[in-house]
Amino acid sequence: MIEVRHLTKRYGAHVAVEDLNFRVEPGRIYGLLGPNGAGKTTTMNMITGCLAASQGDVLIDGHDIFEEPVEAKRLIGYLPEIPPVYTDMTVEEYLSFVAEAKGIARKERARQLEDAVERTALGEVRHRLIGNLSKGFRQRVGIAQALLGNPEIVILDEPTVGLDPAQIIEIRDLIRTLGERHTVILSSHILSEISAVCDSVMIIAHGKLVASGTPQELTRLFQGKQTLHLTVRGAEDAVRGALRGVAGVLEAAYRQEEGQTVAELTCAPDADLREPVFFACAAQKLPILEMRTETASLEDIFLELTQEGTPVAAAPEADTAAGEGGKAQ
């Protein structure tokens, strides 16, 4: 459906997007996840043909977006981060204008407009000026214009930015329904948002694809080590000796504090050291004063990954290099 090959965008010495390679299959919801400034909007603007690439190819159902823009863009509905609406028009006037601008046949316009209004729940505001609508309704109008022309692919750039919690839930539900009839790509810097609605996730940082896969695959991929924090009454040497034989400990660190030993035992995320540690200390009559576990959250590891920009293993469906070369625009 969409194949991105060696996509690069440079602004002088600054590289905004560097050698992106991925494939988007039909009938799924994809999330492009990354912090602000990671290159998400630049990538989407190139995929939709709104921005020329410095190098690389974007194929939309076999059509090169740069060489065959008309054919490729007919397959795409796009909502930029700022909805491209005219605030002095009513919802119906604006959608009629967009339908005409997209070249939809006159006999089809009314039907498609009604379908877009119904799917985005705009019926109650269709005769109101867009300038008088809430941010949530404006986003719906933006999504409605993207649906006109019945595109196979719907691309949404930060569709919930600036919305209140209730509006965010509504837009997420709408995106899920879009996935029933379209291939959907949405960008966000919010991990929970992508996890809530997307079948596949591509994480971008510093203009590079650093991880990709389903949310479940990424959870397993990112799931870090677990740390058991202990405070034990006793000398450090005694505590070290008692815990030396506990199976599953990957790393151990100790320090002495006023007659107590503080230990940090690192283990695999699916391990539970609490019971063997308890019995090991009890056997040596070393009272445990405190015991707690700490596991790095997906958010913590995502932040670390995007700050460092270190590539990690990616699911083959999303990070697929295809072909060589490209074209300068």
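Everything numeric here is computed off the predicted structure, so don't read it as measured data.

Describing the side chain of Thr 90
Alright, step 1. Mapped onto the elements, Thr 90 comes out in the loop between β6 (76-79) and α3 (91-101).
Alright, step 2. Leave out the neighbours within four places in its chain, and Thr 90 touches Arg 126, His 127, Arg 128, Leu 129 and Ile 130.

So, the packing of α3 against helix α5 (residues 135-147)
Alright, step 1. Two numbers describe how α3 lies on α5: the axes approach to 9 Å, and their chain directions differ by 30°. Between α3 and α5, the interaxial angle falls into the category roughly parallel. Helix-helix and strand crossings are classified by hand; for α3 and α5 the assignment is right-handed. Residues Val 91, Tyr 94, Leu 95 and Val 98 of α3 lie in contact with α5, whose contacting residues are Val 141, Ala 144 and Gln 145.

Considering the sheet that holds strand β7 (residues 153-157)
Alright, step 1. The strand order β6-β7-β8-β3-β9-β10 describes an open sheet built from six strands, whose pairing is mixed. Among the strands making up the open sheet, the edge pair consists of β6 and β10 (208-213). Sheet twist, expressed as the mean angle between neighbouring strand axes with direction ignored, is 15°.
Alright, step 2. Sheet topology places strand β3 (residues 29-33) next to strand β8 (residues 183-188); five bridges connect them, and they run parallel. Of the residues in β8, the one forming a bridge with Leu 33 is Ser 188.
Alright, step 3. Contacts between α5 and the sheet are confined to β6 and β7, with β6 contributing the most and set at about 165° to the helix.

Quick notes on the pattern of salt bridges
Alright, step 1. A full pass over the atoms with the stated rule returns 16 salt bridges.
Alright, step 2. The closest approach of N and O atoms between Glu 25 and Arg 23, which form a salt bridge, is 4.0 Å.
Alright, step 3. Taking relative accessible area as the criterion, Glu 25 reaches 32% and is therefore assigned partly exposed.
Alright, step 4. Residue class for Arg 23 comes out partly exposed when judged on its relative accessible area of 23%.
Alright, step 5. Ionic pairing is found between Glu 290 and Arg 292, a salt bridge with its closest N-O pair at 3.5 Å.
Alright, step 6. Under the relative-accessibility criterion, Glu 290 is labelled partly exposed at 41%.
Alright, step 7. The partly exposed category is assigned to Arg 292, whose relative accessible area is 40%.

Focus: the environment of Arg 106
Alright, step 1. Within the fold, Arg 106 resides in helix α4 (residues 106-119).
Alright, step 2. A sequence separation of ten residues divides Arg 106 from Ser 96, and the C-alpha atoms of the two residues are 10.0 Å apart.

Considering the pairing of β3
Alright, step 1. Burial analysis of β3 places five of its five residues in the buried class, which makes it a mostly covered element.
Alright, step 2. Taking every second residue as pointing to the same face, both faces of β3 are buried, with Ile 29, Gly 31 and Leu 33 on one and Tyr 30 and Leu 32 on the other.
Alright, step 3. Direction of pairing for β3 relative to strand β9 (residues 200-205): parallel, over a ladder of four bridges. Paired with Gly 31 across the two strands is Val 201, which belongs to β9.

Section: the packing of α3 against α4
Alright, step 1. Relative orientation of the contacting elements α3 and α4 amounts to 125°, with a least axis distance of 10 Å. As the angle between them shows, α3 and α4 are arranged oblique. Pair α3 / α4 crosses with right-handed handedness. The residues of α4 that touch α3, namely those facing Glu 92, Leu 95, Ser 96, Ala 99 and Glu 100, are Arg 109, Leu 113 and Val 117.

Points about the pairing of β10
Alright, step 1. A large share of β10 lies buried, amounting to five of its six residues.
Alright, step 2. In this sheet, β10 lies alongside β9 in antiparallel orientation, the contact comprising five bridges. If you follow Ala 205 over to β10, its bridge partner there is Lys 208.
Alright, step 3. The loop that links β9 with its antiparallel partner β10 comprises two residues; one of these, His 206, has a positive phi angle of about 55°.

Criteria and thresholds
- Residues numbered from 1 in each chain as written.
- Predicted model: local features only at pLDDT ≥ 70, side-chain atom pairs only at ≥ 80, totals over all residues.
- Heavy atoms only, no water.
- Helix = DSSP H or I, 4+ residues; strand = E, 2+ residues; numbered from the N terminus.
- Contact = heavy atoms within 4.5 Å.
- Axes fitted to C-alpha atoms, helices over the stretch in contact; angles between N-to-C directions.
- Parallel < 35°, antiparallel > 145°, perpendicular 65-115°, else oblique.
- Left-handed = near helix turned anticlockwise from the far one by under 90°.
- Pairing = 2+ DSSP bridges.
- Salt bridge = Lys/Arg side-chain N within 4 Å of Asp/Glu carboxyl O.
- Buried < 20%, exposed > 50% of the residue type's maximum accessible area, 1.4 Å probe, protein only.

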